[in-house]
Structures are given as structure tokens and as C-alpha cells.
Amino acid sequence: MSTAGQVVFNGLSYGATLALIALGLTLVFGILRIVNFAHGVLFMLGAYTTYFVVSSLHAGYVVGVLAAVCASAGFACFLAVVVFRRFTGLLLEGAIAAITLALLLESVALVVFKPVPRDFTGPFQGVVQIFGVHLLGQRLFVIGVTVAVVLALQAFVARSRLGRALRAVQQDPFVARLQGISVDRALLSTFAIGGALAGLAGALVAPMQVLEPTMGESPLLFAFVVVILGGLGSVKGGLYAAVLVGLMTSFISTYWTPEAATWSTFVLALAILAVRPTGLFGHA
Amino acid sequence: MQRSIRQRARLGVAGAALAASVAALAVCAAGASSATSTLTIGVIAPFSGPAAAYGPPEAASMQAAVNLINSQGGVKVGGTTYTLKLRKYDSAWDPTKAVTAARQAITQDGLKYLEVDGTAMELAVQPIAEAAHVVTFAVAGDASFIGPKHPLSFKTYYDIPQSLQASLTVLKPKLGKSPLVVSIYPDNTSGHNVAAQSKARAQKLGYRYSAEFVGGDVTDFNPVLTKVLSSKPAVIDTGQLPPSQYAVLAQQARQLGYKGKFVFDDTIDLPTVLKATGKSGIAGSVTSPLLENFTTAPGRYWTSHVGKISGGDPTQGWSVLPFDNLLLLKVALEKAGTLDTERVASMLGKVSTTGALGHLTYGGGKVYGLNRTFVIDYPVAMITAAGTLKKVATIHISS
């Protein structure tokens, strides 16, 4: 096995997952100025939805992924209407509400899903070996889907009518409203997209790990690091930062210890913020 | 005059009735002091979290022992007969939650005998238990919590380093010269202790040894496996990891091209591993100790009854250990003639009985200073190509 090559592949795979979670976070913050600490719950919901569709309904993995995306997007919209609509632009209050909501939802998940580890086997179990690197099918699928989704998201934000509307709301909600753009619709759309991305991430990693109601905590933590490193609100920055964090985590976990990978990621974030407080691609 | 006589007669009858009532009450009261009282045993085990597979069979096994003992008349201590009762507390495989559970058990519920699952949990609970003179029985692979400084602590489990030694003894003839064994253990005090002991035992058999440590919440083992596999191990040892982790670890190791053997030296949840790796993924790997097919009377009782209790699983042979421990505790209580935990603990180190595993006693005095650990031999099983366990040897390990 080529250790270096394997480290790079592992890092890209993990970075892809982080990218999906982080992009949803950065979109919500960039457009609505809301720090959604409940985002990890959407990731967990996506994973569990996929699990139940595949294991209980026997409907196939792709159906499970689509169901996960819809479920997480729908639940995110529900949260937006019931909770977050009141906190648009209110950073501190919104963050407190989000933290409270995250704790509540995790407790509910523990009761509903039970704190018993679950797992299932996805369809991409094959392994391709190239130059000593074992390319696991599911991880290749994660990377491929992430690249496609990010490109689609970039095109959507840059070229679609709704994407332009979201950018207008991001720049100035008041002026956007004067232009006839529905800020409420922007809120719902942003949360739906963010939720969909988190749910998709959960669905993609579900066949590779054990599912527990608290499974969203660790990825959310790293996703925040990615968002901060990449710059709050920057899709491009989030993607580059996710790849950087993924590779760094993989490298340090393999050549040092997994625990060192955790704290060194935070050290890197602090170091970059000390030099560039808005992140790599963020704007003041 | 006549009314006076009638009144006196009525008074006399009333007085006699009152006296009879008082006497009857006195008799009842006296009888109550030799009637059945209740002795509650607590079990702090993971009923949730990454090791949720452990708690239910352990508690069910203890309940089976409680049912057996109660059906035989309970525990007779002094002039009192005690009915046993079991109370469960969830540690979620988290030492902080175990401490919370212990405080509730000891302070609020007044329990004096606690079974604790997991070395990290036992180490966390031990100071509280010792301060309250509570006896703890730890279902834990490490032995760092027993000894003369901890006379109230017992290890109700086999020794994981000894179990690893037994498995490696079976595998050695099939491997080359100086094969490398890599242990992947939890990154906690217990994991590091067990790794240090395992290293000594592996090297004594002629193996090279190294260990890696992972957090309890790790679900992606690719990074650590990438590191491990670069050194080309012949054996990967998964001891002390819960089933949810070692199943994924084995699966991902195979996906990364690992062709060697696995050793599951702290029981194996075979269905979970087979689901993750498939039959070919772990064929030829070994596990010990293989605890099954109990032939003694308590063993047959356990086999036939434990499955009828919620959470009970007769395929989880390791869970017979807390069952046997309660049988031994009964003997110690009756012989000590008191519920005083210090005296019962002292007696536990001296008594023996027949349990599911056969002759049962606490030993290890020469190594640990006090007889506070179960002494067992290690039946080693190989996992067949059909996905079943086949006993291949019984290894006796001298401490």
C-alpha cells in the first residue's frame, strides 16, 4: 500500500464530507447572518433517514439519499419558519437560539432513534487499487457527488434568478426588499439548500460509519473550523478550507495521532485568523 | 350491683380482647424481624452509547442469578433471609455518567454492592464507592483497580492481556518468524495499561508488538489503519473496543487490503462483525475466551433461563461472569453472617462455589496482593469460513 497516496485519498474523502456540511453553514450565515448550531442535527437526520429507507423500507440506497436530502431540507425549512425567522440579522440571539435548539433536537433524537449504534451496508463496497492506493467505492462516490454538487451550487448562486436574489439579500436585505425580492423566500430557500447539503453529507457517510444520535457533533465542530478558515459566507473559501482540513487531519492522524489531528486543526484556524481575521476568502 | 357486674364483665372481655390483640401484634412484629428483607444489587452498565451491546445481556445475566438465588430461598445472613433485587443504571460507556449513576446508587438508593462495566467506569466510580464502603465488582479487562489499596474492589472478568496471550499462542505456529501484532485500543488509562501488559506477553511469545490508541467516538478508522498497515502486521488486536467500533475497524482494514488475522480478545459480537466484514473477512481469525456450552447445574440454568429475560442472550457467554459472581457473593454473605461490606469482601477472597464456569473462586493474590480477580482458563476459538466459532484449544495462563 502506498501510505502517502492513501493519506491523500483519505483526506480528500473526509474533506468532501466537510465541504458539504460547511457549505450549508456558510450559506446560512453569509445570506442570513445566522450561525446555525443545529446544522449537525440535519446531518444526523440525513444519515438516519437513509438508514431507515434502506434497512426498513428496503428501497435502495439512491432512494435513501434522495429521501435524506428532502427530509433534511424540509426540516430545515420548518426550523427556519418556527425559530430562525425571528433572529435574522441578530447574531448573538440567533446563536443562542440555535445552540438551545441543537441540544433539544439531539435529546429528542436520543429518545426517538434510541442510543443504540446502527449501521448498514451501502452498494459501493468495491475497492479499486491504483498505484498501491485502495480507492474505496463509497469514498469515491462521496468525492464525486461533492464535486458535482459544489459545481451545481456555484452555477446556481452565480446564474440563477433565485441565486441572484440570495446574493442581493446577502448584500443588503432592505434594498433587496425594495427591489421586490422576498426576504422570507430567501430565508426558506437558504435554509432548504443548507439543510439539503447537510442531509446529503449524512447520507453519503452513513454506509461508512456507525450511526448514533450524537454523530453530528464532531463533523459540525470541524465544519465550523472550515467555515471560519474559508471565510464566513464564502463558498469557494469553504471548499478550499474543507480540502485543507481534510488533508491535514488525515496526514496528522496517520503520521502522528488522531487526537493531535483534532487540536492541531484548531491551532491552524487560530494561526490563520491571527493573520487574516476574515478567513482565507472572507470579506470584512 | 348487677349493672356493675355486667360492666365489669364487659370491661374484662374488652381487656382480654385488647391483650390478645397486643399479643398478636407482638407475635407479628417478632415474626417480621425474621421475615424476608430485600438486598438490592446495582449494575452500572452501558445501556446506550457505543457499547450499548454490553449492558442488556449483563443485566439479564445478573437478573437470572437473582431469580435463581431467590428461588432457592434467598440469602440467609444472620437471622434474616434476604430477597435479592437488581437495579440498573446507565453509564452510556462514559465515566462521567458512571459517576453520576454511582452517586445516585450509593447516596440516594443506599446500595452497598455495585457491578460496574468497564475499566474507565470502575476507575471513576471507585473513589466514591470506597468512601462509602461499597463493594464494586468490575466487568473490566484491566486490573489496575484491584490490590491491597482497594480491598473492596473486585475484577469480575478475565484478563485481556492473558486472553491475547492465549490467542497469540494459538496463532503463532501459523505465522512466520517475529510476526508483528498491532493492538488498537481505546485512548484512556485502561487502554494504555492493557497495552503495556499485552506488550510484555506478546514479546514473551516471540512477537513484535506495537499499539495505537483511538478515541471512543472514532467511527472512521482509515487514518489509523493507513498508519498501522504500513508496518505490515500479521495480527491486528482489537481488544477493549466495543462491537460497533471493532466491526467497522475490521471492515475498513479489509477494504484497505489487510490480509492478516484479527484477534478479538475481549469477547466478540460475531453477528455484528460478520455483518460488517462478511464471512470471508474474518475467517481464520481467533477470539478468546470462548465461553459457551456450560455443563454445571448453574450453567444449564443460565443457558435455559437468560434468554427469557429482556436483553438476555445465551450466545453472549462472557455475561455468565456477573451471573457466577452473584452466586459467589451469596456464599460470602452467608459465611460472613453480616452485610458489613469489609467483612464480606474479606470473605469473598476466601470462599468458593460451583458456578456456570465450574469451580469458582477469586484468586490472583500472588500477583495483585489480594484475591480479587476471577481465575479462569482461556478456551480459544477460531472463526470458521462458515462464520461460526470452533474451539481449537484451551490455554492455561499462569499469572
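Residues numbered from 1 in each chain as written. Chains lettered and ligands numbered in written order. Predicted model: local features only at pLDDT ≥ 70, side-chain atom pairs only at ≥ 80, totals over all residues.

1. A look at the overall build of chain A
From N to C terminus, chain A includes 11 helices and two strands. Walking chain A from its N terminus toward its C terminus, one meets helices and strands in the order α-α-α-α-β-β-α-α-α-α-α-α-α. Over its C-alpha atoms chain A spans a radius of gyration of 18 Å, differing by no more than 12% from the 19 Å that the globule rule assigns to 284 residues. Along the three orthogonal principal directions, the C-alpha set of chain A runs to about 60 × 50 × 35 Å. (Helix = DSSP H or I, 4+ residues; strand = E, 2+ residues; numbered from the N terminus. Rg over C-alpha atoms; globule rule 2.2 N^0.38 Å.)

2. A look at the confidence of the model for chain B
Residues and elements named next belong to chain B. Summary statistics for chain B give a mean pLDDT of 89 and a share of 91% for residues scoring 70 or more. Note on residues 19–34: pLDDT under 50 across the span, and two contacts to partners over four residues away in sequence or across chains. We note a pTM of 0.77 for the whole complex and an ipTM of 0.80 for its interfaces. (pLDDT = per-residue confidence, 0-100. Contact = placed C-beta atoms within 7 Å.)

3. Re the sheet that holds strand S9 (residues 235–237) of chain B
Strand pairing in a sheet relies on backbone hydrogen bonds. The paired strands run either parallel or antiparallel. All names here are of chain B. What the seven strands build is an open sheet, ordered S8-S7-S9-S10-S11-S15-S16; its pairing is mixed. Each edge of the sheet is formed by a strand with only one pairing partner; in this case those strands are strand S8 (208–214) and strand S16 (389–395). Pairing of strand S7 (residues 180–186) with S8 involves seven bridges; the strand directions are parallel. Note on S8: the bridge partner recorded for Val181 is Tyr209. Against the sheet, helix H5 (residues 160–171) makes contact with S7, S9, strand S10 (261–264), strand S11 (286–287), strand S15 (378–383) and S16, and its axis sits at roughly 55° relative to S15, the strand it touches most. (Pairing = 2+ DSSP bridges. Axes fitted to C-alpha atoms, helices over the stretch in contact; angles between N-to-C directions.)

4. Some remarks on the pairing of strand S2 (residues 133–136) of chain A
Residue and element names in this part refer to chain A. Inspection of the sheet shows strand S1 (residues 127–130) paired to S2 by four bridges, in the antiparallel sense. Bridge assignment links Val127 to a residue of S2, and that residue is Leu136. Between the end of S1 and the start of S2, which pair antiparallel, lie two residues, with Phe131 showing a positive phi angle near 50°.

5. Here we look at unusual backbone geometry
All names here are of chain B. Across the junction of Ser288 and Pro289, the peptide omega takes the value -5°, indicating a cis bond. Examined against the element boundaries, Pro289 turns out to sit in the loop between S11 and helix H11 (297–305). In this structure, Trp93 is a non-glycine residue whose phi angle is positive, near 60°. Mapped onto the elements of the fold, Trp93 is located in the loop between strand S3 (80–90) and helix H3 (95–108).

6. With respect to the interface of chain B and chain A
Accessible area lost upon the coming together of the parts serves often as the stated size of an interface. Between chain B and chain A, the contact holds 25 residues from the first and 22 residues from the second. Every element with two or more residues in the side of chain B that touches chain A is listed here: helix H7 (222–229) and helix H8 (243–255) of chain B. Here the element with the most residues in the side of chain B that touches chain A is H7 of chain B; it accounts for six residues. Grouping the amino acids of the side of chain B that touches chain A by side-chain chemistry returns 11 nonpolar, 10 polar and four charged. (Nonpolar A, V, L, I, M, F, W, Y, C, P; charged D, E, K, R; others polar.)

7. Points about H11 of chain B
All names here are of chain B. Within H11, the full set of buried residues consists of Pro298, Gly299 and Trp302. The buried residues of H11 occupy an angular sector of 105° when the element is viewed end-on, so they sit on one face. In this structure, H11 carries Ala297, Arg300 and Ser304 as exposed residues pointing more than 90 degrees from its buried face. The elements touched by buried residues of H11 are helix H2 (55–71), helix H12 (320–336) and strand S12 (352–355). (Buried ≥ 20, exposed ≤ 12 C-beta atoms within 10 Å, placed from the backbone. Arc of directions from axis to C-beta.)

8. What to know about the environment of Phe124 of chain A
Residue and element names in this part refer to chain A. Relative to the helices and strands, Phe124 is located in the loop between helix H4 (91–113) and S1. The partly exposed category is assigned to Phe124, around which 16 C-beta atoms lie within 10 Å. Once the C-alpha coordinates of Phe124 and Gly64 are considered, the two residues, 60 residues apart in sequence, prove to be 14 Å apart. Other than its neighbours up to four places away in sequence, Phe124 contacts Gly137, Gln138 and Phe141.

9. Some points on the nonpolar core
Grouped together as the largest cluster of nonpolar side chains are 203 residues, with contacts concentrated most on Leu18, Ile21, Ala22, Ala47, Leu200 and Val226 of chain A together with Ile44 of chain B. In this structure, this core is formed jointly by two domains, domain 2 (36–158 + 292–363) and domain 3 (160–288 + 381–395) of chain B, each of which donates at least three residues. Those residues in contact with Ile21 of chain A, other than ones at most four positions away along the chain, are His39, Phe43, Ala198, Ala201, Pro219, Leu220 and Ala223 of chain A. (Core = buried A, V, L, I, M, F, W, Y, C linked by C-beta atoms within 7 Å. Domains from an automatic or database assignment.)

10. Details of the pairing of S12 of chain B
Residue and element names in this part refer to chain B. One ladder, built from four bridges, connects S12 with strand S13 (residues 358–363); its direction is antiparallel. By the bridge assignment, Ser352 is partnered in S13 with Thr361. Here S12 hands over to S13 after two residues, the two strands then running antiparallel side by side.

11. What about the environment of Pro161 of chain B?
Residues and elements named next belong to chain B. Here Pro161 lies in helix H5. Exposure remark for Pro161: the 25 C-beta atoms within 10 Å place this residue in the buried category. The spatial distance from the C-alpha of Pro161 to the C-alpha of Val194 is 6.3 Å, given a sequence separation of 33 residues. Other than its neighbours up to four places away in sequence, Pro161 contacts Val194, Gln197, Ser198 and Arg201.

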